[in-house]
Amino acid sequence: MEPRFHQSDATVHADGDIYRCRANLRSWAEDPATGHPPVRTSQEQWAGRLHFDSDADAETVLYADAPHLVVDDTETTFTVDDLDRPTATLTIRGSGTPPF
């Protein structure tokens, strides 16, 4: 499967609040050890960046318990890998069906 890319406005639902952001996401399906297509579609992965208007919003999402990303009415969980404070950007990753 060729990588897919998605860029759009999105929201993150975290600890009872909603935070607006700009999502830049990529999805792919391959076995990282071999680089070949996976045996099962459950090995599909996705990752990207979420850019928030403020560092405070990004930090709140970083420390939230089980935040959910909503893209085009599709909701999914994700894991935060990093926060770039100067740009209020979270680097995230997910697995399974991507939200785009």
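Structure report, in brief.

Basis of the calculations
Residues numbered from 1 in each chain as written. Predicted model: local features only at pLDDT ≥ 70, side-chain atom pairs only at ≥ 80, totals over all residues. Heavy atoms only, no water. Pairing = 2+ DSSP bridges. Helix = DSSP H or I, 4+ residues; strand = E, 2+ residues; numbered from the N terminus. Axes fitted to C-alpha atoms, helices over the stretch in contact; angles between N-to-C directions. Contact = heavy atoms within 4.5 Å. Polar contact = N/O pair within 3.5 Å; in protein donor to acceptor, adjacent residues only side chain to side chain. Salt bridge = Lys/Arg side-chain N within 4 Å of Asp/Glu carboxyl O. Buried < 20%, exposed > 50% of the residue type's maximum accessible area, 1.4 Å probe, protein only.

One open sheet accounts for seven strands, arranged 5-4-1-2-3-7-6; its pairing is antiparallel. With partners counted over all chains shown, the strands left at the sheet margins are strand 5 (74-77) and strand 6 (79-84), one partner each. Mean inter-strand twist for the sheet, computed between neighbouring axes without regard to direction, equals 30 degrees. Here strand 3 (residues 44-52) runs beside strand 7 (residues 89-95); their pairing, made up of seven bridges, is antiparallel. Counted as the bridge partner of alanine 47 is arginine 93 from strand 7. Strands in contact with helix 1 (residues 55-62) are strand 1 (4-14), strand 2 (17-29), strand 3, strand 6 and strand 7; relative to strand 6, the strand with the most contacts, it is inclined by about 150 degrees.

Examined against the element boundaries, threonine 89 turns out to sit in strand 7. Separated by 3.0 Å, the side chains of threonine 89 and threonine 87 make a polar contact. For threonine 89, the contacting residues outside a window of four places in its chain are Arg49, Leu50, His51, Asp82, Leu83 and Asp84.

One pass over the full model with this rule turns up four salt bridges. Close ionic contact of arginine 22 with aspartate 9 constitutes a salt bridge, the shortest N to O distance being 3.3 Å. Of this pair, arginine 22 sits in strand 2 while aspartate 9 sits in strand 1, placing them 13 residues apart in sequence. The partly exposed category is assigned to arginine 22, whose relative accessible area is 31%. A salt bridge links glutamate 59 to arginine 85, with the shortest nitrogen-to-oxygen separation between them at 2.5 Å.

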